Amino acid sequence: MRTELASEPGDADRPNEDFASVGLPASGQGGSVIVLDGVTPPKGGAGCLHSVPWFTARLGGALTELTVSLPDVPLLDLLSRAIARTAEAHAETCDLSHPRTPQATVVVARWNPATVEYLVLSDSALLLESPDGAVTALLDDRLARLPRSALATDALVDTTLRNKEGGFFTAAADPAVARRAVTGTLPREEVRALTALTDGATRWVERFREGDWTDCFQCVRKEGPQALVDRVRALERADAERVYLGRGKRHDDATVVYAEL
């Protein structure tokens, strides 16, 4: 199995809020890929003593362990357990009811000799390549489908949309949110390789329109994950008039994981 990973902060003066891991069970049968994109809190705070990187490391670490050690437990149940474990670690010191309590998007893929399972929650992406080269994008597009007017301010998003029915969902402190994820299982022979990306990397497709998901996957497969991140950074620097970025961050944390199964 071949795996490659690249993760780069959007700002060299700030810690990377993304998390990525590749888990390989001792049996040598199968593996897992996990990618989280921590949600940057507003300047007003989030009711928590801990940083977003602390949260993504805790949640990502729990998911990495659970996906490998409990191969027969469905991914949505594992995400629920990982969220609960992480919440317990700071429930006594932090306000976990705050709408901006540390949280993250989630992508998990796990495979064994028979199947490939996947889970996607919020706006990170998972791309699967079949043996004939066709690429399927597995997305949770609830955030993308919301009208721009509904996203005008952080306060509006937090009170009406964030982790609410009719809005979008992220992994925060409520284990029940795992049931909101996009999940599925495919026969192993239908998946040759996969790529997991945070939205700092999916900008190449979704913001800059440099190609479709197949083009994106081929870039990663042929040139490696760092090449895609480098392409995104070049496009961000070139968009001086913010034609593509709009109100978005000039540079966002960008993470890409590639695995051939």
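The structure we're discussing is the one just above.
Residues numbered from 1 in each chain as written. Predicted model: local features only at pLDDT ≥ 70, side-chain atom pairs only at ≥ 80, totals over all residues. Heavy atoms only, no water.

A. Spatial organisation of the pairing of strand S3 (residues 31-38). Judged by how many residues are buried, S3 sits mostly within the fold: eight of eight residues are covered. Of the two faces of S3, the one holding Gly31, Val33, Val35 and Asp37 and the one holding Ser32, Ile34, Leu36 and Gly38 are both buried throughout. Direction of pairing for strand S2 (residues 18-23) relative to S3: antiparallel, over a ladder of six bridges. Paired with Ala20 across the bridge in S3 is Val35. In this sheet, strand S4 (residues 104-111) lies alongside S3 in antiparallel orientation, the contact comprising eight bridges. (Buried < 20%, exposed > 50% of the residue type's maximum accessible area, 1.4 Å probe, protein only. Helix = DSSP H or I, 4+ residues; strand = E, 2+ residues; numbered from the N terminus. Pairing = 2+ DSSP bridges.)

B. Summary view of the packing of aromatic side chains. Inspection of every chain in the model, using the stated rule, returns two aromatic pairs. Pairing Phe208 with Tyr244 gives two aromatic rings, centres 5.6 Å apart and planes at 50°, and the pair type is tilted. Here Phe208, found in the loop between helix H4 (199-206) and helix H5 (213-223), pairs with Tyr244, found in the loop between helix H6 (225-238) and strand S10 (254-260); they are 36 residues apart in sequence, far enough to count as distant. (Phe/Tyr/Trp six-rings, centres within 6.5 Å; stacked < 30°, edge-to-face > 60°.)

C. Summary view of the sheet that holds strand S7 (residues 135-139). Strand order across the open sheet formed by five strands is S1-S10-S9-S6-S7, with antiparallel pairing between neighbours. Of all the strands in the sheet, just strand S1 (2-8) and S7 have a single pairing partner and so form its edges. If you compare each strand with its neighbour and ignore which way they point, the axes differ by 10° on average. Pairing between strand S6 (residues 125-129) and strand S9 (residues 193-197): five bridges, direction antiparallel. Looking across to S9, one finds that Leu126 is bridged to Ala196. Contacts between H4 and the sheet are confined to S6, S9 and S10, with S10 contributing the most and set at about 85° to the helix. Lying on the sheet, H5 is in contact with S1, S6, S7, S9 and S10; it crosses S6 at an angle near 80°. (Axes fitted to C-alpha atoms, helices over the stretch in contact; angles between N-to-C directions. Contact = heavy atoms within 4.5 Å.)

D. Quick look at the sheet that holds S2. An order of S2-S3-S4-S5-S8 is seen for the five strands of this open sheet, with the pairing classed as antiparallel. Where the open sheet ends on each side, the last strands, each with one partner, are S2 and strand S8 (182-187). Mean inter-strand twist for the sheet, computed between neighbouring axes without regard to direction, equals 5°. Taken strand by strand, helix H1 (residues 52-69) contacts S2, S3 and S4, and its axis lies near 165° from that of S3.

E. Region of interest: the pattern of salt bridges. Inspection of the entire model under this criterion finds 19 salt bridges. The partner of Glu17 in a salt bridge is Arg14, and the shortest N-O contact between them spans 3.4 Å. The class for Glu17 is buried, based on a relative accessible area of 5%. According to the relative accessible area criterion, Arg14 is partly exposed, its value standing at 43%. Across the pair Arg203 and Glu236 runs a salt bridge whose closest N-O atoms are separated by 2.7 Å. Taken together, the residues Arg203 in helix H4 and Glu236 in helix H6 connect sequence positions 33 residues apart. Both residues of the pair, Arg203 and Glu236, count as buried. One salt-bridge network, in which partners are shared between bridges, spans Glu8, Arg203, Arg233 and Glu236. (Salt bridge = Lys/Arg side-chain N within 4 Å of Asp/Glu carboxyl O.)

F. Expanded view of the environment of Ala171. Its place among the elements puts Ala171 in the loop between helix H3 (154-160) and S8. Given the relative accessible area of 0%, Ala171 is considered buried. If we skip the residues at most four places from it in the chain, Ala171 touches Phe55, Leu59, Ile83, Pro102, Gln103, Ala104, Val106, Leu121 and Val177.

G. Highlighting the nonpolar core. Counting 25 residues, the largest nonpolar core has Leu36, Leu59, Leu63, Leu79, Val106, Leu119 and Leu121 as the members making the most contacts within it. Looking at this core, the elements with two or more residues in it are S3, H1, helix H2 (75-90), S4 and strand S5 (115-121). Among the elements that make up this core, the one with the highest residue count is H2 (six residues). Setting aside anything within four residues of it in sequence, one finds Leu63 in contact with Ile34, Leu36, Leu78, Leu79, Ala82, Val106 and Val108. Of all hydrophobic cores here, the second largest spans 23 residues; its members include Ala125, Ala193, Trp213 and Val229. (Core = buried A, V, L, I, M, F, W, Y, C linked by side-chain atoms within 4.5 Å.)

Everything listed here is a matter of coordinates, which is why it stays silent on function.
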